[in-house]
Amino acid sequence: MSKNIVIAGPGSLGKHVLDALLQSGQFNVTVFSRSPKLTLEGRGAIIRVVDYDDVSCLRAALRSAQADTILSFIVDLRNPNSTAQSHRNLLEAAVAEGITRFIPAEYANDVARFPTPPASEADKLHFREHARDVCRVHNIESTLVCNGIIMDFFLPRGRKKYFADLPPKFSSILPVNLEAEPSRVVILGNPKDKISMTMADDVARGVVRLLLVPRGGWDDITYFSGDRVSWEEAAEILGRVLHEQVERSYVTLEDLESEVDAARKEGDAVKVECAELRRAFGNGSEVLPTNAKCFEGMVTTKFEQVVRKYYGKEAS
């Protein structure tokens, strides 16, 4: 099992994982950040301000933490090239300091069947291949965590624990709009596809379970779905819980592909990202295989529970 954990890049999901690690009481946790994080200090984790452009700085920080495992959550959609180099530098430092386990920043769809990420995260594929090769050569155990859609994005605006609300320009991405009047669901792709979706807190608890697996027990890809719901079923759940007629519309996979092509021809980066994400929600890439064995017996939050808690009659 892992013991001394480094969280690199304590963003939204990273903060959920940090909470779960500290609550478990089974790990020593150090957080690497580009700047001081006053809100994280005093919670049981050590905060290290690091320069991801400086491998020697990263090596010193890893040595100080006596780290055996790195969990990366480094993401900067505004500067993907910088993110790519940060990951490479972090992995180089990890090799030099004898790190034994490494989980890159993935936490998304089925990367085995759909390896190409959206254009805004284009380097994920290249780093994924680079990390796989480096980890094999240096006997570093590594896995890619695939958890489907983060269900927190279905929560009302201002009610998410750590994730920011989607800006208006991305409002068309999510197939489920619970705050519209009436509520709307866009059935993307195959209406019967069981879409994998997981609350961030459940992803975090799953990471804890994964870290407790003895060394040598990880698969190359770790699949974890908190729930599996088709967009058609999502509309039925909304109607049942909200006691209202839910507006439904249908978009075929062919139409989703056409949206991507049109956005690329227009050259608008935001429209391209929105179209690519909508396509991912409808092309089967969010339909994940069976959960890894380490998650057996784990109780997770279901989509219907989220709807009832935040939008049903009992919502506070």
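For the structure, check the block above.
Residues numbered from 1 in each chain as written. Predicted model: local features only at pLDDT ≥ 70, side-chain atom pairs only at ≥ 80, totals over all residues. Heavy atoms only, no water.

Trainee: Any details on the overall build of the chain? Residues and values, ideally.
Mentor: Across its full length, the chain holds nine helices and 14 strands. A compact globule built from 316 residues should have a C-alpha radius of gyration of about 20 Å, and the chain, at 20 Å, falls within 12% of that. The principal-axis extents of the C-alpha atoms in the chain amount to approximately 60 × 45 × 35 Å. For the chain, the residues scored as buried account for 52% of the 316 residues in total. Pairs at least 24 residues apart make up 76% of the contacts formed inside the chain by residues separated by at least 6 positions. Per element, the accessible surface of the chain, about 14,700 Å² overall, is 50% carbon and sulfur. The chain carries 40 positive and 44 negative side-chain charges, and their two centres are separated by 4 Å. (Helix = DSSP H or I, 4+ residues; strand = E, 2+ residues; numbered from the N terminus. Rg over C-alpha atoms; globule rule 2.2 N^0.38 Å. Buried < 20%, exposed > 50% of the residue type's maximum accessible area, 1.4 Å probe, protein only. Contact = heavy atoms within 4.5 Å. Areas by Shrake-Rupley, 256 points an atom, 1.4 Å probe, with all protein chains shown as cover. Lys, Arg positive; Asp, Glu negative; His and termini not counted. Charge placed at Lys NZ, Arg CZ, Asp CG, Glu CD.)

Trainee: Describe in detail helix α5 (residues 200-212), supporting the description with residues and values.
Mentor: For α5, which comprises 13 residues, the first-to-last C-alpha distance of 19 Å matches the rise-based estimate of 18 Å (1.5 Å per residue) to within 8%. Along α5, the residues that are buried comprise Ala200, Asp202, Val203, Ala204, Gly206, Val207, Val208, Leu210 and Leu211. (Expected span 1.5 Å × (residues − 1).)

Trainee: So what's going on with the environment of Gln66? Which residues, and what values?
Mentor: With respect to the element layout, Gln66 can be found in the loop between α2 (55-65) and β4 (69-72). Take Gln66: its relative accessible area is 60%, and that puts it in the exposed class. Considering only alpha carbons, one finds Gln66 and Val6, 60 residues apart in sequence, at a separation of 9.3 Å.

Trainee: Report on empty space enclosed by the protein, specifying residues and quantitative values.
Mentor: Tallied over the full model, the rule gives two cavities of 30 Å³ or more. Approximately 30 Å³ is the volume attributed to the second largest cavity. Residue lining of the second largest cavity: Val145, Val203, Gly206, Val207, Leu210, Phe224 and Phe295, and that is the complete set. Here the lining of the second largest cavity takes four residues from α5, the largest share from any one element. (1 Å grid on protein atoms, 1.4 Å probe; cavity = no way out; pocket = protein on both sides within 12 Å on 5 of 7 lines; lining within 4 Å. Points joined across faces, edges and corners; volume = space filled by probe spheres on them.)

Trainee: Mind laying out the sheet that holds strand β8 (residues 149-150), listing which residues take part and the relevant values?
Mentor: What the three strands build is an open sheet, ordered β8-β11-β13; its pairing is mixed. The sheet terminates laterally at β8 and β13 (227-229), the two strands that pair on one side only. Looking at chain direction, strand β11 (residues 195-198) and β13 are connected through three bridges and run antiparallel. Counterpart to Met197 in the pairing with β13 is Asp227. (Pairing = 2+ DSSP bridges.)

Trainee: Tell me about the packing of helix α1 (residues 12-24) against α5, and name the residues and values.
Mentor: Look at α1 against α5: their axes get within 8 Å of each other, and the N-to-C directions meet at 55°. Here α1 is positioned oblique relative to α5, judged by the angle of their axes. Where α1 crosses over α5, the handedness of that crossing is right-handed. Together, Leu13, His16, Val17, Ala20, Leu21 and Ser24 of α1 and Ala200, Asp201, Val203, Ala204, Arg205, Val207, Val208 and Leu211 of α5 make up the contact between the two elements. Among the residues forming the contact of α1 with α5, the class breakdown is 10 nonpolar, two polar and two charged. (Axes fitted to C-alpha atoms, helices over the stretch in contact; angles between N-to-C directions. Parallel < 35°, antiparallel > 145°, perpendicular 65-115°, else oblique. Left-handed = near helix turned anticlockwise from the far one by under 90°. Nonpolar A, V, L, I, M, F, W, Y, C, P; charged D, E, K, R; others polar.)

Trainee: Talk me through the sheet that holds strand β10 (residues 184-188); I want residue IDs and the actual numbers.
Mentor: The strand order across the open sheet formed by three strands is β9-β10-β14, and the pairing between neighbours is mixed. The outermost strands of the open sheet, each flanked by one partner alone, are β9 (176-177) and β14 (247-251). The strands touched by helix α6 (residues 231-242) within the sheet are β9, β10 and β14, with β10 carrying the most contacts at an inclination of about 165°.

Trainee: Explain the side chain of Lys160 to me, using residue names and the numbers behind them.
Mentor: Mapped onto the elements, Lys160 comes out in the loop between β8 and β9. Here Pro156 takes part through its backbone oxygen, which lies 3.5 Å from a polar atom of the side chain of Lys160. The contacts of Lys160, once residues within four sequence positions are left out, are Asp152, Phe153, Leu155 and Asp165. (Polar contact = N/O pair within 3.5 Å; in protein donor to acceptor, adjacent residues only side chain to side chain.)

Trainee: Describe in detail the pairing of strand β1 (residues 4-8), supporting the description with residues and values.
Mentor: Consecutive residues of a regular strand have side chains that alternate between opposite faces of the sheet. Burial runs high along β1: five of the five residues are buried. Where burial is concerned, the two faces of β1 agree: the one with Asn4, Val6 and Ala8 and the one with Ile5 and Ile7 are both buried. Direction of pairing for β1 relative to strand β2 (residues 28-33): parallel, over a ladder of five bridges. Looking at β2, one finds that Asn4 is bridged to Asn28. Each parallel crossover has a hand, and for β1 linked through α1 to β2 it is right-handed. (Right-handed = clockwise from strand over helix to strand, strands pointing away.)

Trainee: Outline the pairing of β11, listing residues and values.
Mentor: Covered by surrounding structure in β11 are Ile195 and Met197 together with Ser196 and Thr198, the residues of both alternating faces. Pairing between β8 and β11: two bridges, direction parallel. Bridge assignment links Ile149 to a residue of β11, and that residue is Met197.

Trainee: Tell me what's going on with the environment of Lys194, and back it up with residues and numbers.
Mentor: Within the element layout of this structure, Lys194 appears in the loop between β10 and β11. Between the alpha carbons of Lys194 and Leu288 there is a distance of 8.5 Å; along the sequence they are 94 residues apart.

Trainee: An account of the side chain of Asn283 is needed here, citing residue identities and associated values.
Mentor: Here Asn283 lies in the loop between α8 (269-280) and α9 (303-311). In terms of polar contacts, Asn283 uses its side chain to reach the backbone amide nitrogen of Ser285, at 3.0 Å. Sequence-distant contacts of Asn283, that is, excluding residues within four places in its chain, are made with Phe114 and Leu253.

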